[in-house]
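# Secondary and tertiary structure notes
One letter stands for each residue in the lines below.
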There are 2 protein chains.
Amino acid sequence: MSITVVGSVAYDSIETPAGRRERCLGGAATYFALAASFFCDVRVIAVVGDDFGPQQEAVFHARNIDIRGIEHAPGKSFFWEGSYLDNLNEARTHNTELNVFATFEPKIPDAYRDSEFLFLANIDPVLQKRVRDSMPGVKLVAGDTMNYWIKDHRAALEQVLKGLDILLINDTEARMIAGSNNLLRAARAVMALGPRFLVVKHGEYGATLFHGASLQHEATERTFRAPAMLLEEVVDPTGAGDSFAGGFFGYLAAQQELTPGTFRRAMFYGSVMGSFACERFGTERLQQLSRAEIDARFQAFRELTHLD
Amino acid sequence: MSITVVGSVAYDSIETPAGRRERCLGGAATYFALAASFFCDVRVIAVVGDDFGPQQEAVFHARNIDIRGIEHAPGKSFFWEGSYLDNLNEARTHNTELNVFATFEPKIPDAYRDSEFLFLANIDPVLQKRVRDSMPGVKLVAGDTMNYWIKDHRAALEQVLKGLDILLINDTEARMIAGSNNLLRAARAVMALGPRFLVVKHGEYGATLFHGASLQHEATERTFRAPAMLLEEVVDPTGAGDSFAGGFFGYLAAQQELTPGTFRRAMFYGSVMGSFACERFGTERLQQLSRAEIDARFQAFRELTHLD
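Being a predicted model, the structure only gives us computed values, none of them experimental. (Residues numbered from 1 in each chain as written. Chains lettered and ligands numbered in written order. Predicted model: local features only at pLDDT ≥ 70, side-chain atom pairs only at ≥ 80, totals over all residues. Heavy atoms only, no water.)

Scanning the model with the defined rule gives 35 aromatic pairs over all chains in all. On the numbers, 4.2 Å between centres and 0° between planes, the contact of Phe197 of chain A with Phe263 of chain A is stacked. Of this pair, Phe197 of chain A sits in strand S11 (residues 197-201) while Phe263 of chain A is found in helix H9 (residues 260-277), placing the two residues 66 residues apart along the sequence. Phe197 of chain A sits in the buried class, given a relative accessible area of 0%. With relative accessibility at 1%, the residue Phe263 of chain A sits in the buried group. Between Tyr205 of chain A and Tyr205 of chain B, the ring centres sit 5.0 Å apart and the planes meet at 15°, which makes this aromatic pair stacked. Pair noted here: Tyr205 of chain A is in the loop between S11 and strand S12 (207-211) and Tyr205 of chain B is in the loop between strand S11 (197-201) and strand S12 (207-211), and the two residues belong to different chains. Of note, Arg297 of chain A hangs over the ring of Phe276 of chain A, and the distance from its end group to the ring centre comes to 3.9 Å. (Phe/Tyr/Trp six-rings, centres within 6.5 Å; stacked < 30°, edge-to-face > 60°. Helix = DSSP H or I, 4+ residues; strand = E, 2+ residues; numbered from the N terminus. Buried < 20%, exposed > 50% of the residue type's maximum accessible area, 1.4 Å probe, protein only. Lys NZ or Arg CZ within 6 Å of the ring centre and 35° of its normal.)

Structure follows, in structure tokens:
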């Protein structure tokens, strides 16, 4: 099974209480792809500039990620600069330079067309919709969005939501889409717009899965909560949400059958990958991770929440 | 087994998005006692004024709670007025009248002296220490505190923490005591001050139990996270933390043996009782609750977090 992901491949300059890094390789599609690559084949659609070369390509190749869909355009790659000095749960953006991303027109390589799974990372909903419509044969589509699109591009976003099986967003975004502070009511309102499954990420408090009916089984349990890891030190939370999405969707893509139990374990793998992402700056930890470490942490998560 | 609880029995005027109630029966000891009474015998030490009569006593008697330790003093009972209009997770206090509580000198009835369990609800740490020292034979002591005592009565509070087996506080309080924003580090710093067990309540996101070594078994798992219920409507969060403490400590007091598994189930019962408390104004829901409803919700919590 393989996932095609469309989203940003970028450079980030990041400051946290643990220090500062200039121009780390980043972007939602990068974090997602690295995290998902531990579970299934991953193919990336993005655009980069002249500053993206063999050294950056090697990061993807080391994890067997297909980057034939990363287009090279003249100019500079997307660049983001932010800090988490006051609050590790929320980035303060100091600078965003869209660069080659400003005129991004996603192109889907023919070799990607047999992907059964599609992930629409956080980009302009108009582009998300275009990619989704270009891949009508996919089995399961998941996506992300952010406050900017929710506030100012509502109509385009609603078109995307109609075509999503799974939406992954955080508390603030769920409440903003729904216009309700109550999480359960907000979840219902969001799901009424399209997604059959909704994952709401609570940062250090874990994440909740809401589902109406499961894909192959009628679900009796309609919500599931996965914990987050209590980390000694959160070095850099950048990309934790995208890594969660990669672990969650990557695990799903690797399963024979999608059952309520599969979705529960996927939530745990999402939390596991999100927790690893925070342990070092940028994608450093995901680049050095092993499947054995992932499975050991999965067991630690089970210990953290199981009654007996 | 029985628990003696010392704390406030009070009247609360409460405004929430769901409405307003004048002078509900409240106070930390009231919520705690009602919640714990579903699991074990409970005895209350508090002071009330002339405005506390047979109607209020009947609330305790209906749950077989021993109130011989509630002293009647001339004047009015403790009164609190607050609202949750902006934020259901944090009360805004409009008025606090200590009244008879200003000169409260806890007196322990002889009939209470064989209690094996003692709960020191949120009152002046000087009084908490006095009660704790008057009951040297208790098997397990738990307690609560709040930002006011942490900020301005630190020395007295530290004397209390030395004598506690279990401290139950919220995130903000844990971080304030420890001076660290990292929850794991904050928990360690708080436990270094005395309590062998620490319960940090995260409001709608549940609660985490930290423990060093268990009482009768060496624990391999040192943290445990219980979820909170996703409620259709939080009518009134007043007393949710005290109800959590009542469910948690009441369940522990009813067990033959204190094992890591017992503590995990106690965390679930704490969350269960906290969730019920929020469903109606004041203590209304706790007054009308049945053990069958409690056990059904316990199972729902298990469904909410269990992988398989």
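Time to look at the pattern of salt bridges. Residues and elements named next belong to chain A. Scanning the entire structure with this criterion turns up 42 salt bridges over all chains. Two residues, Arg285 and Glu279, come together in a salt bridge whose shortest N-O distance is 2.8 Å. Pair check on accessibility: Arg285 and Glu279 agree, each one buried. Two residues, Glu279 and Arg297, come together in a salt bridge whose shortest N-O distance is 2.6 Å. Here Glu279 is found in the loop between H9 and helix H10 (284-287), whereas its partner Arg297 is found in helix H11 (residues 291-305), with 18 residues between them in sequence. As far as the burial class goes, Glu279 and Arg297 line up, both buried. Linked through salt bridges whose partners overlap, the residues forming this network are Glu15, Arg20, Glu22 and Glu81. (Salt bridge = Lys/Arg side-chain N within 4 Å of Asp/Glu carboxyl O.)

With an RMSD of 0.0 Å, chain B superimposes on chain A once it is rotated by 180° and translated 0.0 Å along the axis. Accordingly, the operation relating the two chain copies is best matched by a two-fold axis. A symmetric contact is evident, with 97% of the interface residues of chain B recurring at the interface of chain A. (Least-squares fit on C-alpha atoms with pLDDT ≥ 70 in both. Contact = heavy atoms within 4.5 Å.)

It is worth spelling out the sheet that holds strand S6 (residues 78-83) of chain A at this point. All names here are of chain A. With respect to topology, four strands assemble into an open sheet ordered S3-S2-S6-S7, the strand pairing being mixed. Single-partner strands in this sheet number two, and they are strand S3 (19-26) and strand S7 (92-97). Each strand of the sheet is rotated relative to its neighbour by a mean of 15°, with strand direction disregarded. In this structure, S6 lies alongside S7, joined through five bridges in antiparallel fashion. Among the inter-strand pairings, Trp80 is bridged to a residue of S7, identified as Thr96. (Pairing = 2+ DSSP bridges. Axes fitted to C-alpha atoms, helices over the stretch in contact; angles between N-to-C directions.)

Relative to the helices and strands, Thr223 of chain B is located in strand S13 (residues 223-226). The exposure class of Thr223 of chain B is buried, given its relative accessible area of 18%. Setting aside residues no more than four positions away along its own chain, Thr223 of chain B makes contact with Leu230, Glu303 and Leu304 of chain A together with Leu209, Phe210, His211 and Arg264 of chain B.

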